[in-house]
Amino acid sequence: MKTIRLLYPDHLGGGLDTYWFGAQVLQYILPANSRQKTVTVDIAPPDGTQKPVQDGIYAKDEVLAGIRDAAAKLDAENPDRVITIGGDCLVSLAPFDWLHAKYPAAGIIWIDAHPDVSRAKDGYPNAHAMVLGALLGSGERTLVQTLRSLPFKPDELLYIGLQSLHPYQKAFLDAAGVNCRVQTYSFVSDAEIAAFAARFDQVLVHTDVDVLDERLFHSTYFANPELKGDGSGGGKMTAAELSHILRIIDAHAEIAGLTIAEYLPFDEERLARAFSGIKLFSE
């Protein structure tokens, strides 16, 4: 069985340069395995320039180019399983769509503080908030049009860690028929997670680091007081709870796709910048 690591350092879908840096660091944090080839999606590093908002999406052309390149890399490798190393949450779109074509009966487990079902008309232009809506087939049309397999059905999705919703997000989920609940005070139970995972031979697991409580884990968006996003808050999960949840999933279904997204090591980025101006490193 062939497993690849898809290094997908998209930062434009999140509108924040640190997503690119975080992906570069994350590839070395994850457990090493020389049998798993790393394949890199062609994403230009941040250059400090602002991109235009086109049709309500920031850096639309570059975002779509990344999705196409990711799909092409997956076609060329034809893996059985994909570990996607992000980057912002948009990075799940291409691999989950690609794996859905291989495993049409797969389910999605979305471990995230946010629903990621926004559309351009909702006024938030960063595509990372639109990714799951697109995978459900009724989200942002620009992203839905990139799908090469059928959309996921509402009952093939389980949210874990979901926090309070904006009214437009709740309206979307209600209209799409997604059964979910806000989990501010208690997460989905172990039994519910196990039962959902056991329904599928394969599951695709999206893990957004911002599901972690920023008071306890500081390499997350909401640990940076300068950032506002779309007005949502951070998650309430501990790293130990995340580990426990992943082990339950792993025990009840094959994880054919795993995304780790939105790791934002702000302190490490500042340290790198502190040394970047020294000639010793560049000569």
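Please refer to the structure placed before this passage.
Below: a short report on this structure. By convention here, each chain's residues receive numbers from 1 onward along its written sequence. Only residues with pLDDT of 70 or above have their local features reported here, since the model is predicted, and side-chain atom pairs are shown and tallied only from 80 upward, although totals for entire chains, interfaces and linings are computed over all residues. Side-chain calculation: all heavy atoms of the structure are included, whereas hydrogens and water are not.

In this analysis, rings of Phe, Tyr and Trp, with Trp reduced to its six-membered ring, are considered paired at centre separations within 6.5 Å, and the interplanar angle assigns stacked below 30 degrees, edge-to-face beyond 60, and tilted for intermediate values. With the rule as written, the count across this model stands at four aromatic pairs. Seen from their ring centres, Phe-96 and Trp-110 are 6.2 Å apart, and the 85 degrees between their planes marks the pair as edge-to-face. Taken together, the residues Phe-96 in helix H3 (residues 93–102) and Trp-110 in strand S6 (residues 107–111) connect sequence positions 14 residues apart. What makes Trp-110 buried here is its relative accessible area of 0%. Only DSSP runs of H or I covering at least 4 residues are called helices, and only runs of E covering at least 2 are called strands; the numbering of each starts at the N terminus. Only protein chains enter the calculation, and the probe is 1.4 Å; a residue is then buried if its accessible area is under 20% of its type maximum, exposed if over 50%, and partly exposed in between.

Moving on, we come to the pairing of strand S9 (residues 254–261). Here S9 lies mainly inside the structure; six of its eight residues are buried. Here strand S5 (residues 81–86) runs beside S9; their pairing, made up of four bridges, is parallel. Bridge assignment links Ile-85 to a residue of S9, and that residue is Ile-260. Two strands are said to pair when DSSP picks up at least two bridges between them. As paired elements, strand S8 (residues 202–208) and S9 share seven bridges and run parallel to each other. Note that in S9 the partner of His-206 across the bridge is Thr-259. Note on handedness: a clockwise path from strand one over the helix to strand two, with the strands aimed away from the viewer, defines a right-handed crossover. Between the parallel elements S8 and S9, the chain passes through helix H8 (residues 239–252) in a crossover that is right-handed.

With that settled, consider the environment of Gly-48. Turning to its location among the elements, Gly-48 is positioned in the loop between strand S2 (37–40) and strand S3 (53–54). It is 8.1 Å that separates the C-alpha atoms of Gly-48 and Asp-17, two residues lying 31 residues apart in sequence.

Before going further, it helps to spend a moment on the sheet that holds S9. Across the sheet, which stays open at both edges, the seven strands sit in the order S2-S1-S5-S9-S8-S6-S7 with parallel pairing between neighbours. Two strands bound the open sheet, and with one partner strand each, they are S2 and strand S7 (157–160). Each strand axis lies, on average, 20 degrees off the axis of its neighbour in the sheet, ignoring direction. Relative to S7, S6 runs parallel, the two being bridged by four bridges. Looking across to S7, one finds that Trp-110 is bridged to Tyr-159. The angle between two axes is taken between their N-to-C directions and runs from 0 to 180 degrees, where each axis is a line fitted to C-alpha atoms and a helix contributes only its stretch in contact.

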